[in-house]
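Structure assessment
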Amino acid sequence: MADTTFRLQAKRGADGAVLVKALIRHPNHNGLGRTADGEPIPPHHLTEVVVAVNGEPVVTLHTGSGIAANPLLGWKLTAATGDRVSVAWLDNLDERGRAETTVV
Amino acid sequence: MILNRRHLLKAAFALTLAGITRRAWAGAERNVNAFNGRSVESALGALDLPTAEESSLIDIDAPDVAENGANVPVEVTVRIPGADRVLVVGERNVFPLLADTRFTPGVLPWFEFKVKLAETSHIRVYVVAGDRLYTTSRQVRVIVGGCLPG
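The sections below set out a description of the structure shown in this document. Only a predicted model underlies this, so the values are computations on that prediction, with no experimental measurement involved.

Things to note about the overall build of chain A
Counting its regular elements, chain A contains zero helices and seven strands. Along chain A, helices (α) and strands (β) appear in the sequence β-β-β-β-β-β-β when read from the amino end. Taking all 104 residues of chain A together, 52% fall into the buried category. Counting only carbon and sulfur atoms, one obtains 50% of the accessible surface of chain A, whose full area is about 4,600 Å². Seen as two clouds, the 10 positive and the 11 negative side-chain charges of chain A have centres 10 Å apart.

Below, the structure is given as structure tokens:
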């Protein structure tokens, strides 16, 4: 079971855009690795990440086994202070995670 | 007879609901064949893209030397007007396609994420703007490969 905790922040940067950073805790096994005992580790990685502002999707990221474990993801959006920004993810085993924050 | 009809209605309702939540989750289907492609050609072939032209309006920010290939930060900035889709490829990875991301107009065509790189290779970025495809690449030297242990 993936540890589904993740950290999210949305801050207005010097360029006026809202910088969204998401740290998703996920092992992202690509299916090629083995444990210390030589047992193959089955693939377990993110497949889709959706960023939404006030519930409206603005970015979709499709990814695969090449994404790093516990990846840091970042985007720059146009949004007003106080808007709700959410990031939701789905992995190849149909596990899901979601976090929401307010633009500051 | 009534039971059958009820089952049928229930099944139909469940199917519709599944369809709706599926669409709400993401605009486009994830291209499974592209992500399972074991060469750059097969990955890009599955995506059915036009021929790419080199562009200097795409910046890839990644370390010149990555000590650990399991965690390589990549930052992509696109200065091509109308760009709404960015693809990232690790040319020598077992599964080369790393990301396929789509932006709506309210988003700056910039993003960062972390990838695994199997060995020293080029990271190649493709940008879709309208019906044109632009590309650029950047080499990253990898000291310890990041694919097999992970």
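Next comes the rest of the description.
Some points on the nonpolar core
Where a protein is soluble and globular, its nonpolar side chains tend to be buried together. Within the largest apolar cluster, 51 residues are counted, with the highest numbers of intra-cluster contacts made by Trp 75 and Leu 77 of chain A together with Phe 113 of chain B. Residues contacting Leu 77 of chain A, with those up to four places away along its chain left out, are Ala 17, Val 18, Val 20, Val 51, Val 53, Val 58, Val 59 and Val 85 of chain A together with Gly 106 and Val 107 of chain B. Counting residues in each nonpolar core, the second largest holds 12 residues, with Leu 87, Val 89, Leu 97 and Tyr 126 of chain B among its members.

Quick notes on the environment of Asn 92 of chain A
Residues and elements named next belong to chain A. With respect to the helices, strands and loops of the structure, Asn 92 is situated in the loop between strand E6 (84-91) and strand E7 (96-102). Here the alpha-carbon distance between Asn 92 and His 45, two residues 47 residues apart in the chain, equals 6.0 Å. Each residue touching Asn 92, except ones within four places of it in the same chain, is listed here: Pro 43, His 44, His 45 and Thr 47. Polar contacts involving the side chain of Asn 92 include one to the main-chain carbonyl oxygen of Pro 43, which spans 3.2 Å. Of the polar contacts made by the side chain of Asn 92, one reaches the backbone nitrogen of His 45; its length is 2.9 Å.

Some words on the pairing of strand E3 (residues 46-53) of chain A
Residues and elements named next belong to chain A. Within E3, eight of the eight residues are buried, which leaves it mostly tucked inside the rest of the structure. Sheet analysis places E3 next to E6, joined by seven bridges and oriented antiparallel. Counterpart to Val 51 in the pairing with E6 is Val 87. Across six bridges, the pairing between E3 and strand E4 (residues 56-63) is antiparallel. Among the inter-strand pairings, Glu 48 is bridged to a residue of E4, identified as His 62. The turn joining E3 and E4, which pair antiparallel and follow one another in sequence, is formed by two residues; a positive phi near 50° is taken by Asn 54.

Side note on the interface of chain A and chain B
Listed by partner, the interface residues are 38 residues for chain A and 34 residues for chain B. Broken down residue by residue, the surface that chain A buries against chain B is led by Leu 32, His 62 and Lys 76 of chain A, which jointly contribute 21%. Inspection of the chain A/chain B interface yields one salt bridge. With its nearest N and O atoms 2.6 Å apart, the salt bridge here joins Glu 112 of chain B to Lys 21 of chain A. The interface formed by chain A and chain B contains 15 residue pairs in polar contact (both at pLDDT 80 or more). For the side of chain A that touches chain B, the secondary-structure elements that each account for two or more residues are strand E2 (18-24), E3, E4, strand E5 (72-77) and E6 of chain A. Examining the composition of the side of chain A that touches chain B, we find that seven residues originate from one element, E4 of chain A, more than from any other. Here E5 of chain A runs beside strand E7 (residues 107-115) of chain B; their pairing, made up of four bridges, is antiparallel. Bridged to Trp 75 of chain A within E7 of chain B is Phe 111 of chain B.

A short note on unusual backbone geometry
All names here are of chain A. Of note, the phi angle at Asn 28 is positive, near 50°, even though the residue is not glycine. Assignment of secondary structure puts Asn 28 in the loop between E2 and E3. Even without being a glycine, Asp 94 presents a positive backbone phi close to 65°. Its place among the elements puts Asp 94 in the loop between E6 and E7. The exposed category is assigned to Asp 94, whose relative accessible area is 53%.

Describing the sheet that holds strand E2 (residues 58-61) of chain B
Pairing within the open sheet is antiparallel, and its six strands lie in the order E1(A)-E2(A)-E5(A)-E7(B)-E4(B)-E2(B). What marks the edges here is a single partner per strand, and that holds for strand E1 (6-12) of chain A together with E2 of chain B. For this sheet, the mean angle separating the axes of adjacent strands, direction not counted, is 15°. Where E1 of chain A and E2 of chain A come together, seven bridges link them in antiparallel fashion.

Focus: the pairing of strand E6 (residues 97-103) of chain B
Counting buried positions along E6 of chain B gives six out of seven residues, so the element sits mostly inside the fold. Strand direction decides the pairing type here: E4 of chain A and E6 of chain B, joined by five bridges, are antiparallel. For His 62 of chain A, the partnering residue across the bridge sits in E6 of chain B and is Asp 100 of chain B. Across five bridges, the pairing between strand E5 (residues 83-90) of chain B and E6 of chain B is antiparallel. By the bridge assignment for E6 of chain B, Val 88 of chain B is matched with Ala 99 of chain B. Between the end of E5 of chain B and the start of E6 of chain B, which pair antiparallel, lie six residues.

Calculation criteria
Residues numbered from 1 in each chain as written. Chains lettered and ligands numbered in written order. Predicted model: local features only at pLDDT ≥ 70, side-chain atom pairs only at ≥ 80, totals over all residues. Heavy atoms only, no water. Helix = DSSP H or I, 4+ residues; strand = E, 2+ residues; numbered from the N terminus. Buried < 20%, exposed > 50% of the residue type's maximum accessible area, 1.4 Å probe, protein only. Areas by Shrake-Rupley, 256 points an atom, 1.4 Å probe, with all protein chains shown as cover. Lys, Arg positive; Asp, Glu negative; His and termini not counted. Charge placed at Lys NZ, Arg CZ, Asp CG, Glu CD. Core = buried A, V, L, I, M, F, W, Y, C linked by side-chain atoms within 4.5 Å. Contact = heavy atoms within 4.5 Å. Polar contact = N/O pair within 3.5 Å; in protein donor to acceptor, adjacent residues only side chain to side chain. Pairing = 2+ DSSP bridges. Buried area = accessible area lost by both parts, 1.4 Å probe. Salt bridge = Lys/Arg side-chain N within 4 Å of Asp/Glu carboxyl O. Axes fitted to C-alpha atoms, helices over the stretch in contact; angles between N-to-C directions.

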